[in-house]
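# Structural overview
In case you want the letters, here they are:
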Amino acid sequence: MGPHPAVAAIRLAVRRALHDILNNHHTSGGPAPQAPGEPPHRTAERLPSPLVLVACSGGADSMALASALAFEAPKLGIRAGGVTVDHGLQPGSDLRADEVVLRLRELGLDPVESVAVTVGREGGPEAAARDARYAALDTVAERHGATAVLLGHTRDDQAETVLLGLARGSGIRSLSGMAAVSGADGRYRRPFLGLDRQTARKACMVQSLHVWDDPHNTDPAYTRSRLRHEGLPALEKALGKGVVEALARTAQLSRDDADALDTWASQAEASVRDATGLLECAKLYALPPAVRRRILRRAAIEAGAPAGSLFARHIEEVDRLITGWRGQGAINLPGKVVAQRQGGRLVIRQG
């Protein structure tokens, strides 16, 4: 008799992600793993297998992910480890992180470690915690030479991300949600984006995996928590079941469109700059708005505007220097960046 359907689903999702990681590893010149039954290589020829880490909070999603990684990785000759991040936002968080480390080691993962971070305030508590978490994961991955880090985001998380992007009015890239592969050199992998949260929880239950339910996930002080427990249920009540699946499909379709437009903008950028590298307003005006605004956004970021603080309204103001020129003054952007029109050229630089 095979595993429970929920367990089979999480293992299949992780197996596919690991195969992807192996293919990329081999393409980039990494060593091929030793196949089961293959005679041992000589020590001088034997190079380490790729290491894949799982980022685990102790919650159902990441514990299910850790269990699937522990099961699948050895069969593919992949080393599997884990890391948990202690944000220090709740009493006893350090003890809880130690418990997660113990559970990951019990699954057979190695190396495993806990990393404590200090969460700032920039961008709000949720964004600040996310920034601190990813910085810690980057550091751990680089220290251990990990090929990839698996994240336990599910289809439900994706739906919430799409709705948050819609509420911000941040454009199609924001509606595209989280990518299955992201980060430097494709470091971050999200195998569960096609699975719902209930599948992960069920997989933990049938495997008798202890999980921790973060009280922040039910705290109405947090936007995502309100969306999860009030917003999405209200949408499903009004529109019927299937809202989460539809939003996840929207994310993928939006991502495909956004990727195509990004490519177009990248190819078009050189053609709208003069010999000194300045953007020519007349040539920008001739481009479709979606392409033009991508070029403007990229130029602002290159000038020093923080990407996370650069919103659609900022780019719209800069765009009006191209499409609605009436002699208006400079536009102030985040990061002390200034955009202004001078002699038919758009100048974007640090103020």
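Residues numbered from 1 in each chain as written. Predicted model: local features only at pLDDT ≥ 70, side-chain atom pairs only at ≥ 80, totals over all residues. Heavy atoms only, no water.

Glancing now at the overall build of the protein. For the protein, the helix and strand inventory stands at twelve helices and ten strands. Projected onto its principal axes, the C-alpha coordinates of the protein cover approximately 70 × 55 × 40 Å. Burial status across the protein gives 45% buried among its 351 residues. Pairs at least 24 residues apart make up 67% of the contacts formed inside the protein by residues separated by at least 6 positions. Approximately 18,100 Å² of the protein is accessible, and the part contributed by carbon and sulfur atoms is 54%. Side-chain charges of the protein comprise 44 positive and 39 negative groups, with the mean position of each set lying 4 Å from the other. (Helix = DSSP H or I, 4+ residues; strand = E, 2+ residues; numbered from the N terminus. Buried < 20%, exposed > 50% of the residue type's maximum accessible area, 1.4 Å probe, protein only. Contact = heavy atoms within 4.5 Å. Areas by Shrake-Rupley, 256 points an atom, 1.4 Å probe, with all protein chains shown as cover. Lys, Arg positive; Asp, Glu negative; His and termini not counted. Charge placed at Lys NZ, Arg CZ, Asp CG, Glu CD.)

A word on the sheet that holds strand S4 (residues 148-150). Strand order in the open sheet formed by six strands is S3-S2-S1-S4-S6-S5, with mixed pairing between adjacent strands. Whereas interior strands pair on both sides, the edge strands pair on one side only; in this sheet they are strand S3 (112-116) and strand S5 (181-182). Bridging between S4 and strand S6 (residues 188-189) involves two bridges; their strand directions are parallel. Counted as the bridge partner of Val149 is Tyr188 from S6. The strands touched by helix H3 (residues 93-106) within the sheet are strand S2 (79-86) and S3, with S2 carrying the most contacts at an inclination of about 170°. (Pairing = 2+ DSSP bridges. Axes fitted to C-alpha atoms, helices over the stretch in contact; angles between N-to-C directions.)

The subject of this paragraph is helix H7 (residues 197-206). All buried positions along H7 are accounted for by Arg197, Thr199, Ala200, Ala203 and Cys204. Positive backbone phi, at 55°, marks Ser208, one or two positions downstream of H7.

An order of S7-S10-S9-S8 is seen for the four strands of this open sheet, with the pairing classed as antiparallel. In this open sheet, the two edge strands, each paired with only one partner strand, are strand S7 (279-280) and strand S8 (331-333).

Turning our attention to the packing of helix H8 (residues 223-239) against helix H9 (residues 243-269). At their nearest, the axes of H8 and H9 sit 9 Å apart, and the two run at 105° to each other. For the element pair H8 / H9, the angle class is roughly perpendicular. Contacts from Leu232, Leu235, Glu236 and Leu239 of H8 reach H9 at Val243, Val244 and Leu247. Of the residues in the contact of H8 with H9, the class split is six nonpolar, no polar and one charged. (Parallel < 35°, antiparallel > 145°, perpendicular 65-115°, else oblique. Nonpolar A, V, L, I, M, F, W, Y, C, P; charged D, E, K, R; others polar.)

Turning our attention to the nonpolar core. Within the largest apolar cluster, 37 residues are counted, with the highest numbers of intra-cluster contacts made by Leu18, Leu69, Leu109 and Phe192. Residue assignment for this core shows that the elements contributing at least two residues are helix H1 (5-27), strand S1 (51-55), helix H2 (60-72), H3, S4 and H7. In contact with Phe192, other than residues within four places in its own chain, are Ile10, Ala13, Val14, Asp61, Ala64, Leu65, Gly152, His153, Thr154 and Arg155. (Core = buried A, V, L, I, M, F, W, Y, C linked by side-chain atoms within 4.5 Å.)

Remark: H9 packs on helix H11 (residues 289-302), axes separated minimally by 9 Å, with the N-to-C direction vectors making an angle of 70°. Taken together, the axes of H9 and H11 lie roughly perpendicular to each other. Where H9 abuts H11, its residues Ala258, Leu261, Asp262, Trp264, Ala265, Ser266, Ala268 and Glu269 lie against Ala290, Val291, Arg294, Ile295, Arg298 and Glu302. Looking at the contact of H9 with H11, its residues break down into eight nonpolar, one polar and five charged.

The bulk of non-glycine residues show a negative phi, and the bulk of peptide bonds are trans. For the bond from Asp110 to Pro111, the omega torsion is 5°, close enough to zero to count as cis. Mapped onto the fold, Pro111 is located in the loop between H3 and S3. Of note, the phi angle at Ser208 is positive, near 55°, even though the residue is not glycine. Inspection of the secondary structure puts Ser208 in the loop between H7 and H8.

Here the focus is the pattern of salt bridges. The full count for this structure, using the stated rule, is 26 salt bridges. Taking the shortest distance from any N to any O, the salt bridge between Arg345 and Glu280 comes out at 4.0 Å. In this pair, Arg345 sits in strand S10 (residues 345-350) while Glu280 sits in strand S7, placing the two residues 65 residues apart along the sequence. Residue classification places Arg345 among the partly exposed residues on the basis of a relative accessible area of 26%. Measuring nitrogen to oxygen at the nearest pair gives 2.3 Å for the salt bridge that ties Glu317 to Arg320. Residue Glu317 and its partner Arg320 are located together in helix H12 (residues 312-323), separated by three residues, close to a single helical turn. We classify Glu317 as partly exposed; its relative accessible area is 34%. Owing to a relative accessible area of 39%, Arg320 belongs among the partly exposed residues under this scheme. One continuous salt-bridge network, built from bridges that share partners, spans Asp157, Glu160, Arg197, Arg224 and Arg228. (Salt bridge = Lys/Arg side-chain N within 4 Å of Asp/Glu carboxyl O.)

What follows covers helix H4 (residues 125-144). Helix length check: H4 (20 residues) gives 29 Å between terminal C-alpha atoms against 28 Å at 1.5 Å per residue, within 8%. All of the buried residues along H4 are Ala127, Ala128, Ala129, Ala132, Ala136, Leu137, Val140 and Ala141. Considering only its buried residues, H4 is in contact with S1, S2, S3, S4 and S6. Of the residues flanking the end of H4, it is Gly145, one or two places downstream, whose phi is positive at about 70°. (Expected span 1.5 Å × (residues − 1).)

Geometric descriptors of this kind do not, in isolation, establish any biological role.
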